[in-house]
Each structure stands twice: as structure tokens, then as C-alpha cells.
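Coordinate inspection notes
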Amino acid sequence: MQHGKYRFIVGFLAAPLGLYAIFVVWPFIQSIYYSLTDWTGLSPDFQMVGFDNYTRMFHDDIFWKSLWHSLLFALLLPLVTISLALFFSFMINVGGRRRRGGPAISGVRGSSFYKIVYFFPQVLSIAIVALLFAFAYNPDSGAINSLLRGIGLDGVQPLWLGDPNLALWCVMAVLVWSTVGFFVVLFSAGMASIPADLYEAALLDGAGRAKTFFRITLPLLWDTVQSGWVYMGILALGAESFAVVQIMTTGPGGPDYSTTVMVLYVYQKAFRDGQAAYATTIGVALLIVTLLFAAVVMRLGRRERLEF
């Protein structure tokens, strides 16, 4: 069985690792190289400028705004989204009342229907979701302000995406709404695999729902929660935040750069302003932020693996 084992392993890994190196690692290396040039992205001619782009970036107020907004996305979105998903999935799978003749542990009535409802936003493209909420946030004819007028709150008519103090939170709310259903289904699958005997034993010992969640459910789901936290943080730093901000906000990224995130700033510098070298410099900073975020989450979330 050991004869030719390593040749067999190398033979299977060579192709995928080669593709990963060509299409993932090599573009990152190229980005670092171009960040040291004055390349416009439109001309084949460019010169090396050393760390001038990095010096410019550190003195760029808009970059620091976009960095702060991206960090808010990376910190708050996973916290809110995963907390809501854990609550909903716990209620769906464990939070129901005991029914006569049924098991001691069960979900709420209609739990299968709720899973479909929560997962429905995942069926929609993020672009469609952003367009729908852009119409809903319209201060004159949007559904939200129309509802407020309908219940007699005519004096409460926020500008929503037009208010620099509200726009970023409005965008975050859309991202939470569009992603929480995926994690509800993910955590529900994990909870369904936890033996009901553990919950029944906890109930017999007098444990309530809250204690059952923190002492049984969360520890046994911790690996899934940690992976979901990293995944959600990467979404918040990357394509999801770019799509929503690009489509929903004025500018985009406004008003007054109040919703500009790093990935949007990279796009604007590269394709709007023709400053590809400076855009790759910001992209390198975004790569470092993403790697640091993943490393911190994995390090702080490290704990002894529990099995059942």
C-alpha cells in the first residue's frame, strides 16, 4: 500500500496546485509588482516609482475613510448576521414547545417553511437585491417612507441613502438581510446532526433554553460558526459590499464618501480615474486587511474540538 504513495499524491495535487498558482497566486504577485510602478492601465509603457504609491496612499484621506468603512463591515456584519442566524436556526430546530406524543426536543411549527423563507434572498442576485432596496429607500416614493406616512409618521421621513449619517447603516442592513438566510440553513444542518439525547439530558437536569444553547449547541457548532465568520468577513470586504455600494449609493460611495469601501475605491481608481498602479496599491492593502482578519478570527476562535 505504501509503494508509490507519494507519486500518487503528487500526481493528483500537481494540476490543482498549478492552476491555483497561475490564477490566484501569480495575479497577487503581479499586483505587488504593478503597485511599484506608475502604470495607468491603458498604456503598455510604465516606469518603476518605488514606494511612491504607498506614500500617497498613507496620505489619502479617502483611503482612510474607505479602510474604516471596510473594517466596520468586517467587524459588524459577521457579528450581526451570525448572531441572527444562530438565533433563528436554534428556534427552528430546538426552540419549539413539546407536543403531546412527540419528541422532547423539536423546532417551532412550520420550521421547514421558515427555512425556505429565510433562504429565499439567496436565490436572488445581489444586484437585484440592491436595486430593490434602492427603490425601497427612496425618500419620496420608497416603500419605507410610504409605510411611515401610512401609519401617521409624516414627520419621520429620513433621506436614508441621501443622509451621510444613515447611508452606511442602510447598506449594512441590506447585506444582513441578503446573507442571514444562508447561515440559517448552514447552522440548521449542523444542529440537526446534534443528538437529541444531549438536549433531553440537559432538560432533565433543569437547563433552560438559553443555557442549552450556550452549553451544548454553540460549543458543538463552533467550527461551523468560525468558518462562517471568516466567510462572512471576506464577503463584507469583497464582492458583496462592492455590489451593494456600487448600485445603491449616489456617487457611488456617497454622499461625501460616507459609504466608500476599499474594494469600491480600487474599482474607481482603476476604471474611472485610469490609475491602475495606485488601484493595485490599495488592492494590496485590502489583501493584507483580509488576511489579518482571517488570521485574527482563526486565532481568537481557536478552542478544543468537541465531538459527539
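These numbers were taken from a predicted model, which means no experiment stands behind them.

Quick notes on the overall build of the protein
Along its length, the protein carries 13 helices and 0 strands. Helices (α) and strands (β) of the protein occur, in sequence order from the N terminus, as α-α-α-α-α-α-α-α-α-α-α-α-α. Overall, the C-alpha framework of the protein stretches about 80 × 75 × 30 Å when taken along its three principal axes. Across the 308 residues in the protein, those meeting the buried criterion constitute 39%. Counted over contacts in the protein with a minimum sequence separation of 6, partners at least 24 positions apart contribute 64%. A total accessible area of about 17,800 Å² is found for the protein, and carbon and sulfur atoms account for 67% of it.

Side note on a nonpolar patch on the surface
Together, Tyr6, Phe8, Ile9, Phe12, Leu13 and Leu17 give the surface a local cluster of nonpolar side chains, amounting to about 690 Å² of exposed area. Summarising the element assignment, Tyr6 is placed in helix α1 (residues 5–34). Judged by relative accessible area, Tyr6 falls into the exposed class, the value being 60%.

Topic: α1
Across its 30 residues, α1 extends 41 Å between first and last C-alpha, which sits within 8% of the 44 Å expected from 1.5 Å per residue. Ala21 marks the point of greatest bend in α1, at about 40°.

Considerations on the pattern of salt bridges
If charged atoms from side chains of opposite charge come close, those side chains can pair. Per the stated rule, a full pass over the model turns up 2 salt bridges. Of the charged contacts, one joins Lys269 and Asp273 as a salt bridge, the two residues approaching to 3.3 Å between their closest N and O atoms. In this structure Lys269 comes out as buried when scored by relative accessible area, which is 10%. Looking at Asp273, the relative accessible area reads 29%, which means it is partly exposed.

What to know about the environment of Ala210
In this structure, Ala210 sits in helix α9 (residues 209–220). Residues Ala210 and Tyr137, 73 residues apart in the sequence, show an inter-C-alpha distance of 36 Å.

Re helix α5 (residues 126–136)
For α5, every residue scored as buried is listed here: Ile126, Val129, Ala130 and Ala136. All buried residues of α5 lie within an arc of 120° about the axis, which places them on one face of the element. Of the residues in α5, the exposed ones pointing more than 90 degrees away from the buried face are Leu132 and Phe135. Each element contacted by the buried residues of α5 is listed here: α4 (111–123), α6 (143–150), α7 (167–192) and α11 (239–248).

Here's the deal with the confidence of the model for the protein
Residues with a pLDDT of 70 or more make up 92% of the protein, whose mean pLDDT is 85. When mean pLDDT is taken per element in the protein, helix α2 (residues 52–58) scores highest with 94 and helix α8 (residues 196–204) scores lowest with 77.

As for the packing of aromatic side chains
Applying the stated criterion to the full structure yields 20 aromatic pairs. Among the aromatic side chains, those forming a connected cluster through ring pairs are Tyr33, Tyr34, Trp39 and Phe46. Taking the ring centre of Tyr278 as reference, the NZ or CZ of Arg56 above it sits at 3.8 Å.

Comments concerning the environment of Pro255
Following the sequence through the fold, Pro255 ends up in the loop between α11 and α12 (262–272). Separated by 84 residues in the primary sequence, Pro255 and Val171 have C-alpha atoms spaced 13 Å apart. Not counting residues within four places of it along the chain, the set of residues in contact with Pro255 comprises Leu161, Gly162, Asp163, Pro164, Ala167 and Thr250.

Brief notes about the nonpolar core
Core analysis: the biggest nonpolar cluster contains 67 residues, and Phe63, Phe73, Leu77, Leu86 and Met262 have the highest contact counts within it. For this core, the element with the most residues is α7, which contributes 12 residues. Setting aside chain neighbours within four positions, we find Leu86 in contact with Phe187, Met191, Phe213, Leu218, Leu221 and Val225.

Observations concerning unusual backbone geometry
For the peptide bond that leads from Gly251 to Pro252, omega is -10°, which places it in the cis range. Positionally, Pro252 belongs in the loop between α11 and α12. Here the residue pair Gly254 and Pro255 is connected by a cis peptide bond, since its omega of 0° sits within 30 degrees of zero. Positive phi values are uncommon outside glycine, yet Asp256 reaches one of about 55°. Note on placement: Asp256 falls in the loop between α11 and α12. A relative accessible area of 58% means that Asp256 is categorised as exposed. A positive phi angle is found at Tyr257, which is not glycine, with a value near 60°. Relative to the helices and strands, Tyr257 is located in the loop between α11 and α12.

Cut-offs applied
- Residue positions within a chain follow its written sequence, with the count starting from 1.
- This being a predicted model, a pLDDT of at least 70 is required before a residue's local features are given, and a value of 80 or more before pairs of side-chain atoms are given or counted; all residues contribute to the totals for chains, interfaces and linings.
- Side-chain figures throughout are based on the complete set of non-hydrogen atoms in the structure, without hydrogens or water.
- Only runs of H or I of at least four residues qualify as helices and only runs of E of at least two qualify as strands under DSSP, and these elements are numbered from the N terminus.
- Only protein chains enter the accessibility calculation, which uses a 1.4 Å probe; a residue is then buried when its area is under 20% of its type maximum, exposed when over 50%, and partly exposed in between.
- By definition, residues are in contact when any of their heavy atoms lie within 4.5 Å.
- Exposure was quantified through the Shrake-Rupley algorithm and a 1.4 Å probe, taking into account, for residues, occlusion by the shown protein chains and nothing else.
- Patch rule: a residue counts if its relative accessible area is over 30% and it has no salt bridge; like charges are joined within 9 Å, and nonpolar side chains (Val, Leu, Ile, Met, Phe, Trp, Tyr) within 5 Å.
- Counted as salt bridges are all cases of a side-chain nitrogen of Lys or Arg within 4 Å of a carboxyl oxygen of Asp or Glu.
- By definition here, a helix of n residues has an expected span of 1.5 Å times n minus one.
- The angle between axes fitted to the seven residues ending at a residue and the seven residues starting there is what we call the bend at that residue.
- This arc corresponds to the set of directions leading from the helix axis out to the C-beta atoms.
- The predictor attaches a confidence to each residue, and that confidence, scored 0 to 100, is pLDDT.
- Any Phe, Tyr or Trp ring, taking Trp's six-membered ring, that has another such ring centre within 6.5 Å forms a pair; planes under 30 degrees apart are called stacked, those over 60 apart edge-to-face, and the others tilted.
- Counted as over-ring charges are cases with an Arg CZ or a Lys NZ within 6 Å of the ring centre that also lie within 35 degrees of the ring normal.
- We define the nonpolar core as a collection of buried residues of types Ala, Val, Leu, Ile, Met, Phe, Trp, Tyr and Cys that are connected through side-chain atoms lying within 4.5 Å of one another.

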